[in-house]
Structure formats: structure tokens, C-alpha cells
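# Descriptive analysis of the structure
Below are the chains, spelled out letter by letter.
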Amino acid sequence: MSWGPLSGSSSQVISSSVPATPLIFEVDTRNTGTSNDDQFTMPTTGSYDVDWGDSSTESISSAAPTHTYASEGVYDITISNPSAAFDPLKFANGGDKAKLTDIKQWGNQNLWTSSGFSTAFWSCTNLDISATDIPDTSAVTSFYFAFYNCTSLTTTNEFETDSVTNMAYAFSNCTSLTTGPTLSTGSVTDFEKMFRGCTSLTSVPAYDLTSATTTFDMFANCTTITSFPAGLLSSAPTNLTNMSQMFNNCESVTSFPSGWNFSRATNISGIFGDCTDLASLPSGWDFDAVTNPSNMVRSCTSLTSFPAYSFDAATSYYFLLYGCSGITTLPDFPDADNVTNFGYAF
């Protein structure tokens, strides 16, 4: 099918050397939503052309249009020729979020604005992605809650994320996701809970944390992953101070790379807590700047020893080694002069 502009649409300019391709996605109207079982409400603003998948097409200029089908069922919807100001598919944990079942083609018509991915697919619990093309997300600055709680999502595309600064909760609670997507993260400052609760995750790339200020809970409760890439923390990001609970409850990990650099971190509270298969820790890690190592390896029941790290700036050892039942000899902490709280430390 050839997609030229329908009457009344305001289309974006596509290079003549690159054929324009539309956004195509699948919906199942029978799934629970705010519209009826034979309807779908498009969570969009702006102007665009739409093929509803039942041989009906129209030009849209109103927000959140609802289409009624002759019968309930599965339909492929096609969006093309968007206006310059256009955010397609902004479900944000509402509307017909459960009716979206597949992204079949992202298209190349520059659909995504700077805030376009923030909360876009939040709690689209029946969504998986079969598309093989890469969406144009070059203008996007936030992936905040982008795919949060997409519990059927097994894989994602590569995304253009050079301009993204916020990845908080981006893929959190995607319980079927097995591999972390390829992303350019050199500009990202907030990685909070990015993959928290991804219980089927088995591997992630060595994301660039250069600009990070927080990785709080980034991989917490990723219970299936067994290892992390050495390049993830091979250098110390200048402003990354909060690494609290970054790997908390990664219960299948047995060891972490010895070359990781923690020299600028101040808060590592609970960073390895509840990693119950963790058998050992490297002795050469630098924690001199850390003020809060509380709960660091709490309930790491497979640990048999703990290195004598120099926590020069630490003020609290609260729950530091609590529940580490395999440790029979306590380490000699050389610098505990500033510690005022030893509550439940051992």
C-alpha cells in the first residue's frame, strides 16, 4: 500500500531518497480498556492519517479519537503523515493500554518528540514488539516509565538515545524481558530503577554511566541474571555518588568484576544486599569516599569472607554484614574512627 497524505493532514518532510514508512501496531479490542469490546481509543494528540485496519481511513486532528469496528477482534492500525507536534501512543497507565499487543513497525516519519517516550507504554501488559526497524527517537530526552510494567515484553529494539537524560523506571517490572536493549546512555543522569524487577533478565550491555548521578535500585530484584559486564563500572563517573541498592536481590550472581571502580561513590547502602548466591567479593575495590555502606551485603548467605575495605568516610555500619551466616571470621576494618552506628552490623 502506498501512503500519500490524506486530505487535511499536515505531513512531515521525509528525504526523497528514503521511502516514508508508517507506524504499524496491533490491537485486540477484546482486552480490557476504557472503550467497548468493539472499539479502540487512540491515545494521541496532533494531526495524522490513520488506517484502522478494517478498510476505513481518515485524517485525525482531534485528541484521543475512538474507532468502532463492525466486530470485536484483532486489528493492525497504521499511522502516517504526522504533524510536527505529535506524540503517538501515550498510554501513561490509562485508557486502552491492555489492548495494545504488538508494535509491528516503528516507521521513520520522526514521530517521537522530546517527551514522546516518557510514560508512553506504561502498563501495556499485553505488549510485545516484533518490529525489526529502529524508531527515530533522536529528539527524545526522557524514557521515564517508557515501558514500565510491560509484563509481556520479551525483547525491545535498539533505540536512538543520545539525547536522553532520564532512564528512571524505563523497563522496570518487565518480567518477561530477557536482554537489556542496546542504548546510548552517555547523557543519562538518572538510572533509578531502570530494570528493577526484571525477573527474566539474563544479560545487559555495558551501559555508559559517564553522566550518571544515581543508579539507585537500577538492577534490583533481577533474580535471574548471573553476571554483569566488566565495562559497566570500569571507570568512576564523576557525579555518580548514589549507588544504593544497585544490585540488591540479584540472587543468582556469584561474583562481580574485580576491576569495578567505586572511588567516587558515597552511598552504597544495600548495593549487594540479598545476593544470596554471591560467594566472594574482590579485595581491591576502593570505598574511601563512601559515607554509607549500611546493608551493603545484608543476607548474602553464601559469602564466607568479607575483605577489609577501608571505609575512611563511613559514619554507619548499620546492618553491614547482617545475615551473612557463612562468614565465620570478621574482617579487621582499618578505618572505623568516624563510625557512630554499629547497629546490627554483624
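Everything quoted here is computed from the prediction, not taken from an experiment. (Residues numbered from 1 in each chain as written. Predicted model: local features only at pLDDT ≥ 70, side-chain atom pairs only at ≥ 80, totals over all residues. Heavy atoms only, no water.)

Now for the packing of aromatic side chains. Applying the stated criterion across every chain, the model contains 50 aromatic pairs. Ring plane angle 70° and centroid distance 5.5 Å describe the contact between Phe117 and Phe159, whose orientation is recorded as edge-to-face. One end of the pair, Phe117, is in the loop between β7 (100–105) and β8 (128–129); the other, Phe159, is in the segment after β8, with 42 residues separating them in the sequence. This pair shows no difference in class: Phe117 is buried, exactly as Phe159 is. (Phe/Tyr/Trp six-rings, centres within 6.5 Å; stacked < 30°, edge-to-face > 60°. Helix = DSSP H or I, 4+ residues; strand = E, 2+ residues; numbered from the N terminus. Buried < 20%, exposed > 50% of the residue type's maximum accessible area, 1.4 Å probe, protein only.)

Summed over all chains, the structure comprises 4 salt bridges. Residues Glu26 and Lys104 are paired through a salt bridge, measuring 3.5 Å at the closest nitrogen-oxygen approach. Here Glu26 is found in strand β1 (residues 23–28), whereas its partner Lys104 is found in strand β7, with 78 residues between them in sequence. Overall, the relative accessible area of 32% leaves Lys104 in the partly exposed class. Beyond isolated ion pairs, a larger network of salt bridges with shared partners links Glu26, Asp76 and Lys104. (Salt bridge = Lys/Arg side-chain N within 4 Å of Asp/Glu carboxyl O.)

The subject of this paragraph is the nonpolar core. By size, the foremost hydrophobic cluster in this structure holds 93 residues, and its most contacted members are Phe121, Phe147, Phe247 and Phe272. Setting aside residues no more than four positions away along its own chain, Phe247 makes contact with Phe219, Phe228, Leu232, Leu233, Phe256, Trp260, Ile271, Phe272 and Cys275. (Core = buried A, V, L, I, M, F, W, Y, C linked by side-chain atoms within 4.5 Å. Contact = heavy atoms within 4.5 Å.)

By the element assignment, Glu160 lies in the segment after β8. Along the sequence, Glu160 and Thr182 sit 22 residues apart, while their C-alpha atoms lie 9.1 Å from each other. Ignoring sequence-local partners within four residues, the contact set of Glu160 consists of Ile134, Pro135, Asp136, Thr137 and Ser138.

This part takes up the sheet that holds strand β6 (residues 74–80). As summarised here, the arrangement of the 6 strands in space is β4-β3-β6-β1-β7-β8, forming an open sheet in which the pairing is mixed. Single-partner strands in this sheet number two, and they are β4 (57–60) and β8. Two elements, strand β3 (residues 48–51) and β6, share 3 bridges in a ladder whose sense is antiparallel. Residue Asp49 lies in a different strand from β6, and its bridge partner there is Ser80. (Pairing = 2+ DSSP bridges.)

Right, let's talk about the confidence of the model for the chain for a bit. Taken over all residues, the pLDDT of the chain has a mean of 90, while the share at 70 or more is 94%. Taken as a whole, residues 1–16 scores under 50 in pLDDT and shows 35 contacts with residues more than four places along the chain or in a different chain. (pLDDT = per-residue confidence, 0-100.)

To continue, consider the pairing of β6. Sheet faces and side chains relate simply in a regular strand, where the side chains alternate between the two faces. The buried fraction of β6 is high, at 5 of 7 residues. Alignment of β1 against β6, held across 6 bridges, turns out to be antiparallel. Bridged to Glu26 within β6 is Asp76.

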